[in-house]
Protein chains: 2
Amino acid sequence: MQNKQHKFRQHLVRSGLKATRQRELIARAFFATNTHISAEALYRRVSGRDRRIGLVTVYRTLKLLKEAGLAHERQFGEGRALFEHASSDRHHDHMICSHCGKIVEFENCEIEALQEEVARRLGFTIQYHKLELYGRCKDCRADASGGTGRIRAVGAR
Amino acid sequence: MQNKQHKFRQHLVRSGLKATRQRELIARAFFATNTHISAEALYRRVSGRDRRIGLVTVYRTLKLLKEAGLAHERQFGEGRALFEHASSDRHHDHMICSHCGKIVEFENCEIEALQEEVARRLGFTIQYHKLELYGRCKDCRADASGGTGRIRAVGAR
DNA sequence: AATGAAATTGACAATCAATATCACTTTCAA
DNA sequence: TTGAAAGTGATATTGATTGTCAATTTCATT
Ligand SMILES: [Mn+2]
Ligand SMILES: [Mn+2]
Ligand SMILES: [Zn+2]
Ligand SMILES: [Zn+2]
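Keep in mind that this is a model prediction, so the values were computed, not measured. (Residues numbered from 1 in each chain as written. Chains lettered and ligands numbered in written order. Predicted model: local features only at pLDDT ≥ 70, side-chain atom pairs only at ≥ 80, totals over all residues. Heavy atoms only, no water.)

K.L.:
Before we go on, may I ask you to explain the overall build of chain A in this structure?
P.N.:
Check the secondary structure of chain A and you find six helices and six strands. For chain A, the N- to C-terminal ordering of α and β elements is α-α-β-α-α-β-β-β-β-α-β-α. At a minimum sequence separation of 6, the contacts of chain A that also span at least 24 residues come to 56%. Carbon and sulfur atoms provide 48% of the accessible area of chain A, an area that totals close to 8900 Å². (Helix = DSSP H or I, 4+ residues; strand = E, 2+ residues; numbered from the N terminus. Contact = heavy atoms within 4.5 Å. Areas by Shrake-Rupley, 256 points an atom, 1.4 Å probe, with all protein chains shown as cover.)

Have a look at this one:
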């Protein structure tokens, strides 16, 4: 989205950082995604446009996008982090199929409210939280192929 | 607890594994803890008893304890895993102070029920979930020492 | 108690995602 | 145009965890 690209550029300027060709490209590729994507996978996409860009720069740019409030970093299960758009989207949590890796987003105000209540009771002030539900999606429940229970395709491109 | 030690020995026998001096020692040290502890920290404790035991064996024994249903492995925030007793304890979730690392356990049936409802609506069957609340505890809110927001003492011994 | 096959151990190397280093290149305000 | 400061990318490094493998230990069986 042109708007997000512009916001990113603004963040760079306001922070006294430079707008480089690489950052433009990487941000553009990121904004073109609509799922949860790993740095590695994003790197592969960017490589298609410019073979010279390094994975390290992808990591660095994703960090900048987080600082700009345009990306969220998620740590599902184990292994690598996944990134997704933040921008004006409202908060959401995730339900993940432990068999095929499918990720479904959801939002539940009642749960959010109860979390606040729990925290208050414990004398805490919540800054952020992580709620992840792991289980079998409809498709993976149907096919009785047991499997290993390992996540198979999280973050694959 | 003597009981847990016995259950561990039983698991070893039933699984055709051997009861070694190292496993006894490491399990004993683990059962003597009452918090969330890292493999490294447990290793340091065990080292006090027997300098020759290797960190690798601590990792292996913790895996066995998990398989025996006597330990849970938790991945809070970043870095290393923390382990805690499982045994007959019921399920619980965690509230973590992002400033001092304090971990408080809680349980909320209403939240659990709502999670099931969400999953059902999405066509999933929950196998397990992760709910972590991060924020400031009473003490760390009082002292206005801003800080970095980084967790300071999680898993320290 | 002795035996020996199979499991276990611990030193060390390997992995894997992510970060640090650093010489060279690019940006951009002046 | 210019040059100080920031950025890049190849490479090395980190840190937690796991794999390898020769030497050691366990334990069911003699
Ligand atoms: Mn999401
Ligand atoms: Mn706990
Ligand atoms: Zn599935
Ligand atoms: Zn605190």
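There is more to say, and it comes next.
K.L.:
I'm lost on the relation of the copies chain B and chain A in this one. Help?
P.N.:
A rotation about some axis, followed by a shift along it, carries one copy of the chain onto the other. Superposing chain B onto chain A requires a rotation of 179° together with a translation of 0.0 Å along the rotation axis, leaving an RMSD of 0.1 Å. Put plainly, the chains are arranged around a two-fold axis. Across chain B, the rotation axis passes nearest the C-alpha of Leu131(B), at a separation of 2.2 Å. When the interface residues of chain B are mapped onto chain A, 97% of them again fall at the interface, so both copies present the same face. (Least-squares fit on C-alpha atoms with pLDDT ≥ 70 in both.)

K.L.:
Looking at this structure, how should I read the protein's contact with DNA strand C?
P.N.:
Around DNA strand C sit 17 residues in total, of which Lys18(A), Tyr59(A), Arg23(B), Thr57(B) and Arg60(B) are the nearest. Protein-adjacent atoms of DNA strand C, using a 4 Å cutoff, are sugar or phosphate at a proportion of 72%. Ala19(A) places a polar main-chain atom, nitrogen or oxygen, 3.0 Å from a phosphate oxygen of DNA strand C. For the surface near DNA strand C, the class distribution of residues is seven nonpolar, four polar and six charged. (Near = heavy atom within 4 Å. Polar contact = N/O pair within 3.5 Å; in protein donor to acceptor, adjacent residues only side chain to side chain. Nonpolar A, V, L, I, M, F, W, Y, C, P; charged D, E, K, R; others polar.)

K.L.:
Help me understand the sheet that holds strand E6 (residues 125-136) of chain A, please; the structure alone is not making it clear to me.
P.N.:
Hydrogen bonds between backbone atoms are what pair the strands of a sheet, whose relative direction is either parallel or antiparallel. Taken in spatial order, the six strands make up an open sheet running E5(A)-E4(A)-E6(A)-E6(B)-E4(B)-E5(B), and their pairing is mixed. Each having just a single partner strand, strand E5 (103-106) of chain A together with strand E5 (103-106) of chain B make up the two edges of the open sheet. Taken pair by pair, the neighbouring strands of this sheet meet at an average axis angle of 20°, ignoring direction. Where E6(A) and strand E6 (residues 125-136) of chain B come together, 11 bridges link them in antiparallel fashion. Across the sheet, the residue bridging to Thr125(A) is Arg136(B), located in E6(B). Packing against the sheet, helix H5 (residues 109-122) of chain B makes contact with strand E4 (93-97), E5 and E6 of chain A together with strand E4 (93-97) and E6 of chain B, and its axis sits at approximately 130° to E6(B). (Pairing = 2+ DSSP bridges. Axes fitted to C-alpha atoms, helices over the stretch in contact; angles between N-to-C directions.)

As far as function goes, none of this settles anything; it's purely spatial.
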